[in-house]
Amino acid sequence: MMTNQLLKYTDRLRHADQLIRMEATGAPRLFAQKLGISESYLYGILDEMKEMGLPLTYNKTRLSYIYTRPVRLRIEIGVETITL
């Protein structure tokens, strides 16, 4: 169950990152709808993205969240076999 929640969360982060890079989020309510989440949950995700160091801001002219410099979120989940 926990793995499924983690994958769902990382998929949302990737989708959010893609929309932000495309400057196609729309206003917060629309952005939340695009991600299939509530607006309050969206604000939590955006705060976490900022805590990760992503230079995120809302541009009122473009009506979209944008990155203030070229970045891309990178998320990796996997298993690696190691020898002891």
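Quick note: structure is the one above.
Residues numbered from 1 in each chain as written. Predicted model: local features only at pLDDT ≥ 70, side-chain atom pairs only at ≥ 80, totals over all residues. Heavy atoms only, no water.

A. Representation of the overall build of the protein. Within the protein, the regular secondary structure consists of 3 helices and 2 strands. Overall, the protein shows an N-to-C arrangement of helices and strands of α-α-α-β-β. Overall, the C-alpha framework of the protein stretches about 55 × 30 × 20 Å when taken along its three principal axes. Looking at the protein alone, contacts between residues at least 24 apart form 47% of all its contacts between residues at least 6 apart. Summing over all exposed atoms, the protein offers an accessible surface of approximately 6,200 Å²; the carbon and sulfur share of this is 53%. Each charge class in the protein was averaged separately, 12 positive and 9 negative side chains, and the resulting centres sit 7 Å apart. (Helix = DSSP H or I, 4+ residues; strand = E, 2+ residues; numbered from the N terminus. Contact = heavy atoms within 4.5 Å. Areas by Shrake-Rupley, 256 points an atom, 1.4 Å probe, with all protein chains shown as cover. Lys, Arg positive; Asp, Glu negative; His and termini not counted. Charge placed at Lys NZ, Arg CZ, Asp CG, Glu CD.)

B. Seen up close, helix α2 (residues 28-35). Those residues of α2 that sit buried are Pro28, Phe31, Ala32 and Leu35. The arc that holds every buried residue of α2, seen down its axis, measures 100 degrees, which confines them to one face. Among the exposed residues of α2, those pointing more than 90 degrees away from its buried face are Arg29 and Gln33. Taken from the residues just after α2, glycine 36 is the one with a positive phi, measuring 75 degrees. (Buried < 20%, exposed > 50% of the residue type's maximum accessible area, 1.4 Å probe, protein only. Arc of directions from axis to C-beta.)

C. Broad picture of the packing of aromatic side chains. Inspection of every chain in the model, using the stated rule, returns 2 aromatic pairs. Look at phenylalanine 31 and tyrosine 65: their rings are 5.8 Å apart centre to centre, the planes differ by 40 degrees, and that puts the pair in the tilted class. Here phenylalanine 31, found in helix α2, pairs with tyrosine 65, found in strand β2 (residues 64-67); they are 34 residues apart in sequence, far enough to count as distant. The same class applies to phenylalanine 31 as to tyrosine 65, namely buried. Pairing tyrosine 58 with tyrosine 65 gives two aromatic rings, centres 4.9 Å apart and planes at 65 degrees, and the pair type is edge-to-face. An aromatic cluster is built from Phe31, Tyr58 and Tyr65, whose rings are joined through pairwise contacts. (Phe/Tyr/Trp six-rings, centres within 6.5 Å; stacked < 30°, edge-to-face > 60°.)

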